[in-house]
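Listed here are the chains, written in short residue letters.
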Amino acid sequence: MVRNVLGSILALAGATAAVWSPFRAWYDGRHGSTYRIDDLFSGISATKAQVAGSILLPFAFAALVTLVGLVLRSRVLVAVAGLITLGFAILWMVRQGQVTGSLSVDSSGNGLGQGVAMALGGGLALLLAAGLMSGRRAAGPEPGPRSDVPAPDTPYEAPYEPRHALPPDQQPPYEPPPGPPRA
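The shown structure was predicted, so the numbers you read here are calculated from the model rather than taken from an experiment. (Residues numbered from 1 in each chain as written. Predicted model: local features only at pLDDT ≥ 70, side-chain atom pairs only at ≥ 80, totals over all residues. Heavy atoms only, no water.)

Colleague: Mind laying out the packing of helix α1 (residues 2-20) against helix α5 (residues 114-132), listing which residues take part and the relevant values?
Modeller: Viewed as axis vectors pointing N to C, α1 and α5 meet at an angle of 160 degrees, and their least axial separation amounts to 7 Å. With respect to α5, the element α1 is oriented roughly antiparallel. In the packing of α1 onto α5, the handedness of the crossing is left-handed. Residues Arg3, Leu6, Gly7, Leu10, Ala11, Gly14, Ala15, Ala17, Ala18 and Trp20 of α1 pack against Met118, Gly122, Ala125, Leu126, Leu128, Ala129, Gly131 and Leu132 of α5. In terms of residue class, the contact of α1 with α5 is made up of 13 nonpolar, four polar and one charged. (Axes fitted to C-alpha atoms, helices over the stretch in contact; angles between N-to-C directions. Helix = DSSP H or I, 4+ residues; strand = E, 2+ residues; numbered from the N terminus. Parallel < 35°, antiparallel > 145°, perpendicular 65-115°, else oblique. Left-handed = near helix turned anticlockwise from the far one by under 90°. Contact = heavy atoms within 4.5 Å. Nonpolar A, V, L, I, M, F, W, Y, C, P; charged D, E, K, R; others polar.)

Set out below in structure tokens:
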């Protein structure tokens, strides 16, 4: 249970970082919410997108998948959300690298920005959360006879009847059991 709680907190933090990332600077001060979703598949352009048609859309979808995964306690869904987040962030980096010739980071604020780091960190947090969660236990068959315990060689014996049910002076004398001792 503790693993599920910690995994859920980490998954929520990762999903929050992924959704928040488009509202931060991605490259040369340009916010991620201004990149069109089409730019990821056709190449980065200077055309600015509306928020609903921006790269916020796949990150919001990943957050929705995360929430469904947490409600269902599904490690697979949380991992899929992490892969979606990482996949779109890496796809954006590839497309941006094709346009600029290289990706860079410098101290003056040019190059890759905090938004990319938040998206990548959110995706990694989601994958870590999926690994941390214990998930649901699969409903297995009802427990039956154990196959790893050997069957006894002797037939069924009657339950033990204590000798002390009789007063000590009326008990029969001790008789050793027939045959060799059992192991």
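Colleague: Requested: an account of the environment of Gly7, with residues and values cited.
Modeller: Mapped onto the elements, Gly7 comes out in helix α1. The exposure class of Gly7 is buried, given its relative accessible area of 0%. Through-space distance from the C-alpha of Gly7 to that of Ala125 is 9.3 Å; in sequence the pair is 118 residues apart. Apart from the residues lying within four places of it in its own chain, the contact partners of Gly7 are Ala129, Leu132 and Met133. (Buried < 20%, exposed > 50% of the residue type's maximum accessible area, 1.4 Å probe, protein only.)

Colleague: Lay out the packing of aromatic side chains with the relevant residues and their values.
Modeller: Summed over the entire model, instances satisfying the criterion amount to five aromatic pairs. Look at Trp26 and Trp92: their rings are 4.9 Å apart centre to centre, the planes differ by 85 degrees, and that puts the pair in the edge-to-face class. On the criterion of sequence distance, the pair formed by Trp26 in strand β1 (residues 25-27) and Trp92 in helix α4 (residues 75-100) is long-range, its members being 66 residues apart. Of the two residues, Trp26 and Trp92, neither departs from the other in class, the shared state being buried. Look at Phe41 and Phe88: their rings are 6.5 Å apart centre to centre, the planes differ by 90 degrees, and that puts the pair in the edge-to-face class. With a gap of 47 residues between them, Phe41 in helix α2 (residues 39-42) and Phe88 in helix α4 connect regions that are remote in the sequence. Of the residues examined, Phe88 reaches a relative accessible area of 23% and is grouped as partly exposed. Among the aromatic side chains, those forming a connected cluster through ring pairs are Trp26, Tyr27, Tyr35, Phe59 and Trp92. Directly above the aromatic system of Tyr35 lies the positively charged group of Arg30, at a separation of 4.0 Å from the ring centroid. (Phe/Tyr/Trp six-rings, centres within 6.5 Å; stacked < 30°, edge-to-face > 60°. Lys NZ or Arg CZ within 6 Å of the ring centre and 35° of its normal.)

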